[in-house]
Amino acid sequence: MSTARTVRLLVPSAAALWTSALGLWGLSRQNSVWRDEAATWQVARRSTAEIVQLLGNVDVVHGLYYLLMHGLFELFGPGTTVLRLPSVAATAVAAACVAALGHRLAGPWAGLGGGVALGLLPAVQFYLQEGRPYALVAAGAGVSTLLLVTLLEGRGRAVHWIAYSGTVALCGLLNWLSLMILPAHLLTLLLSGRSGRGGWGGHDLGGPGEPGEPGERGGRGGSGWSGAAAGLGKRWAAAAGAAVACVLPLVLFSRSQSAQVSWIPPLTWHMLIGPAVLLAVGGAGALLDRRSPHRPDGPSAAAVGLPLLVVPHLGLAGLSLIQPLFLDRYVLFSLLGLALLIGAAIGVAVRTVSRRLPRAGWWLLPAIVAVAAVALLPQALAKRSPASRVDDVLAAADDVRRLKRPGDAVLFFPSARRDTRLVSPDAFSGLEDIALARTPERSGTLKGVEAEPARIRAAMLTHRRILLVTDTPAVSRPPATERDRMKRSVLRNHFRIVTDTQTRGRRVTLYERRV
């Protein structure tokens, strides 16, 4: 095996192993599961028919992911490891893609630096160990971008176009906001087609230049948009259109469930500070990439990374002006662009140092990684702590298990806190859920259907002891329904508090009937 081929394999492999190690570190998060992951857990434990019924009412945007997790839970059983390992593996794939892109577009040091940088980004470390689909979308974004670059270099065939379209469609089915990668790729297409590094100038798309002329590619057949480039643009439009057509029914149907995101606050200027910092860092990396002597047979790192970073953020901000949707997890995949640009900057730094101090150049990347890892260590530790999430359903289940007695009743306030029971049903064995009229499985909902307030009140007054599972005061909200207001009133007027425990955002209170 040649040295060049060995390096091509080692760079993405090293990035994937590094990211996997970060993902496996503290994977159980001290055996905690928060409410978003609890939704994945409880849905994945249902039958396929029950999941399909649920998707007709809520969470259709996560349907494909739920079915995937259902299959994994069926094979390996439910647990925090099975819940989170898909995200770890997906992020490792994303890191490998960034490394391969960086190596191809800006050299091996850029590839290794970018692949390692992705796993260190705080937002990536958060979703690296999250039982939700966002890391899987990031992996798909990495694969589709790598396929695009292959096509821009003129090395693609029909199978690459099919794979590109299928990957974009798959990402869209996991989260249709990921379709914002298409305008990012279109901008890359335009930037590459109109630059000297685009490789579209001659008759051979993406072909290398003549020996001794690494800065020129595709021969001497002119510049700008050629007929071949226009043909490639048409093929991209067809592939993108096919992907959108696959996802469009999901987009349209999910609009009927838009009330699920009504809690997202409207876009404000202070919400744009974090993205602005990321864009500034990415912009600096793009400027440094322009100084790179490395000339790939395709687009530059800046032409790929900057649109991938900028366009999804701008697109999400624009959508949020119509309906509030501005959450960083929806554009997590854009951070692959940031990592690629960071890698390009590292590549420039290594080459600059190596020209003056050849031996020192080999140690620059390890030094940068060490400094960054130490600086970000508090963030990394915080992300792996249960306190990094708003609550912990498993901690509440342990409290219930400790406090319950045979014949006790249980209430959930609000009813969404029933996720504690759905994730840990054994902790609630022997308890009567006195407010529940139809189970979540039968009703095709996440939290079930509760009885009318009068019926719940009558049931409460027939029990001597009631366990209430709710939120701690720091994260709780005022009762929003007549049922919840009635629960609070009856407990206040007819019961007294015996024990009150608050653990990791959840509160379990034992009430006893007043004499």
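Because the structure is a prediction, the values reported are computed rather than measured. (Residues numbered from 1 in each chain as written. Predicted model: local features only at pLDDT ≥ 70, side-chain atom pairs only at ≥ 80, totals over all residues. Heavy atoms only, no water.)

A. A look at the sheet that holds strand β7 (residues 506-513). In spatial order, the strands read β2-β1-β5-β7-β6; together these 5 strands make up an open sheet with mixed pairing. Because the sheet does not close on itself, it has two edges, and the strands there are β2 (432-433) and β6 (495-503). Sheet analysis places strand β1 (residues 409-413) next to strand β5 (residues 465-471), joined by 5 bridges and oriented parallel. Across the sheet, the residue bridging to phenylalanine 413 is threonine 470, located in β5. (Pairing = 2+ DSSP bridges. Helix = DSSP H or I, 4+ residues; strand = E, 2+ residues; numbered from the N terminus.)

B. Focus on helix α10 (residues 181-193). In a regular helix each residue adds 1.5 Å, so 13 residues correspond to 18 Å; α10 covers 18 Å between its end C-alpha atoms and thus fits that length. Within α10, burial applies to Ile181, Leu182, Ala184, His185, Thr188, Leu189, Ser192 and Gly193. In a view along the axis of α10, the buried residues occupy a sector of 165°, so they form one face of it. (Expected span 1.5 Å × (residues − 1). Buried < 20%, exposed > 50% of the residue type's maximum accessible area, 1.4 Å probe, protein only. Arc of directions from axis to C-beta.)

C. Seen up close, the nonpolar core. Membership of the largest hydrophobic core comes to 97 residues, with the highest contact counts inside it found for Leu118, Tyr164, Leu182, Trp236, Leu316 and Tyr330. Counting residues per element, this core draws most heavily on helix α8 (residues 134-152), which supplies 13 residues. Those residues in contact with tyrosine 330 that lie beyond four places of it in its chain are Tyr134, Asn175, Leu177, Val261, Ile264, Leu316 and Leu325. Ala409, Leu411, Phe413 and Ala459 belong to the second-largest nonpolar core, a separate cluster that totals 16 residues. (Core = buried A, V, L, I, M, F, W, Y, C linked by side-chain atoms within 4.5 Å. Contact = heavy atoms within 4.5 Å.)

D. Summary view of the packing of helix α5 (residues 80-106) against helix α6 (residues 108-120). Between α5 and α6, whose axes approach to 6 Å, the crossing angle comes to 155°. The pairing of α5 with α6 is recorded here as roughly antiparallel in orientation. The two elements α5 and α6 cross, and the hand of that crossing is right-handed. Along its contact with α5, which presents Thr91, Ala94, Ala95, Val98, Ala99, Gly102, His103 and Ala106, the element α6 presents Pro108, Ala110, Gly111, Gly114, Gly115 and Leu118. For the contact of α5 with α6, the residue count by class is 8 nonpolar, 6 polar and no charged. (Axes fitted to C-alpha atoms, helices over the stretch in contact; angles between N-to-C directions. Parallel < 35°, antiparallel > 145°, perpendicular 65-115°, else oblique. Left-handed = near helix turned anticlockwise from the far one by under 90°. Nonpolar A, V, L, I, M, F, W, Y, C, P; charged D, E, K, R; others polar.)

E. Expanded view of the environment of alanine 397. The topology assignment puts alanine 397 in helix α17 (residues 393-403). When its relative accessible area of 1% is taken as the criterion, alanine 397 is described as buried. When the C-alpha atoms of alanine 397 and valine 469 are compared, they prove to be 9.1 Å apart, with 72 residues separating the residues in sequence. When neighbours within four sequence positions are excluded, alanine 397 is seen to be in contact with Thr420, Ser424 and Ala427.

F. Summary view of the packing of helix α1 (residues 3-24) against α6. It is the contact of α1 with α6, at a shortest axis distance of 9 Å, that shows an interaxial angle of 15°. Classified by the angle between their axes, α1 and α6 sit roughly parallel to one another. The way α1 lies across α6 gives a crossing that is right-handed. Contacts between α1 and α6 involve Val7, Val11, Ala14, Ala15, Trp18, Thr19 and Leu22 from the former and Pro108, Gly111, Leu112, Gly115, Val116, Gly119 and Leu120 from the latter. Residues belonging to the contact of α1 with α6 are distributed by class as follows: 10 nonpolar, 4 polar and no charged.

G. Examining the pattern of salt bridges more closely. All chains considered together, the criterion is met by 26 salt bridges. Residue aspartate 433 is joined to arginine 421 by a salt bridge in which the shortest nitrogen-to-oxygen separation is 2.9 Å. Of the two residues, aspartate 433 sits in strand β2 while arginine 421 sits in helix α18 (residues 419-423), which places them 12 residues apart along the sequence. As a salt-bridge pair, arginine 485 and glutamate 482 come within 3.6 Å of each other at their nearest N and O atoms. One end of the pair, arginine 485, and the other, glutamate 482, are both in helix α21 (residues 482-494), 3 residues apart, so they sit about a helical turn from each other. Given a relative accessible area of 39%, arginine 485 falls into the partly exposed group. A single network of salt bridges, built from pairs that share partners, joins Arg35, Asp391, Arg417, Asp419, Asp471 and Arg506. (Salt bridge = Lys/Arg side-chain N within 4 Å of Asp/Glu carboxyl O.)

H. Region of interest: the pairing of β1. In terms of residue burial, β1 counts as a mostly covered element, since 5 of its 5 residues are buried. Neither face of β1 is exposed, since Ala409, Leu411 and Phe413 on one face and Val410 and Phe412 on the opposite face are all buried.

I. Geometry of the packing of aromatic side chains. In this structure the tally under the stated criterion is 8 aromatic pairs. With centroids separated by 5.8 Å and ring planes inclined at 40°, the aromatic side chains of phenylalanine 412 and phenylalanine 428 adopt a geometry described as tilted. Note that phenylalanine 412 is positioned in strand β1 and phenylalanine 428 in the loop between α18 and β2, a separation of 16 residues in sequence. In terms of burial, phenylalanine 412 and phenylalanine 428 fall into one category: buried. Each residue in the set Phe126, Tyr127, Tyr134 and Tyr330 is aromatic and connected to the rest through ring pairs, giving one cluster. Taking the ring centre of phenylalanine 126 as reference, the NZ or CZ of arginine 389 above it sits at 3.7 Å. The cationic tip of arginine 513 hangs over the ring face of phenylalanine 495; the distance from NZ or CZ to the ring centre is 5.8 Å. (Phe/Tyr/Trp six-rings, centres within 6.5 Å; stacked < 30°, edge-to-face > 60°. Lys NZ or Arg CZ within 6 Å of the ring centre and 35° of its normal.)

J. Looking closely at helix α12 (residues 273-289). Taking 1.5 Å per residue, 17 residues should reach 24 Å; α12 reaches 24 Å between its end C-alpha atoms and fits that length. What α12 keeps buried is the set Pro275, Gly282, Gly285, Ala286 and Asp289. Projection of α12 onto a plane perpendicular to its axis shows the buried side chains occupying an angular sector of 100°, all on one side. Pointing more than 90 degrees away from the buried face of α12 are the exposed residues Ile273 and Leu287. For α12, the secondary structure elements touched by its buried residues are α5, α13 (301-322) and α14 (335-356).

K. Representation of the side chain of histidine 62. Looking at where histidine 62 falls in the secondary structure, it is placed in the loop between α3 (48-55) and α4 (63-76). Once residues within four sequence positions are removed from consideration, histidine 62 is found in contact with Arg132, Pro133, Tyr134 and Leu174.

L. Representation of the state of the cysteines in the model. Taken as a whole, this structure holds 0 disulfides when the rule is applied. Between cysteine 171, a cysteine without a disulfide, and cysteine 97, which holds the nearest cysteine sulfur, the sulfur-to-sulfur distance is 10 Å. Looking at the unpaired cysteine 246, the closest cysteine sulfur is the one in cysteine 171, lying at 13 Å. (Disulfide = S-S within 2.5 Å.)

M. Summary view of the confidence of the model for the protein chain. In this model, the protein chain carries an average pLDDT of 91, and 92% of its residues clear a pLDDT of 70 or more. This stretch, residues 196-224, has a pLDDT under 50; its non-local contacts, to residues over four places away or in other chains, come to 66 contacts. (pLDDT = per-residue confidence, 0-100.)

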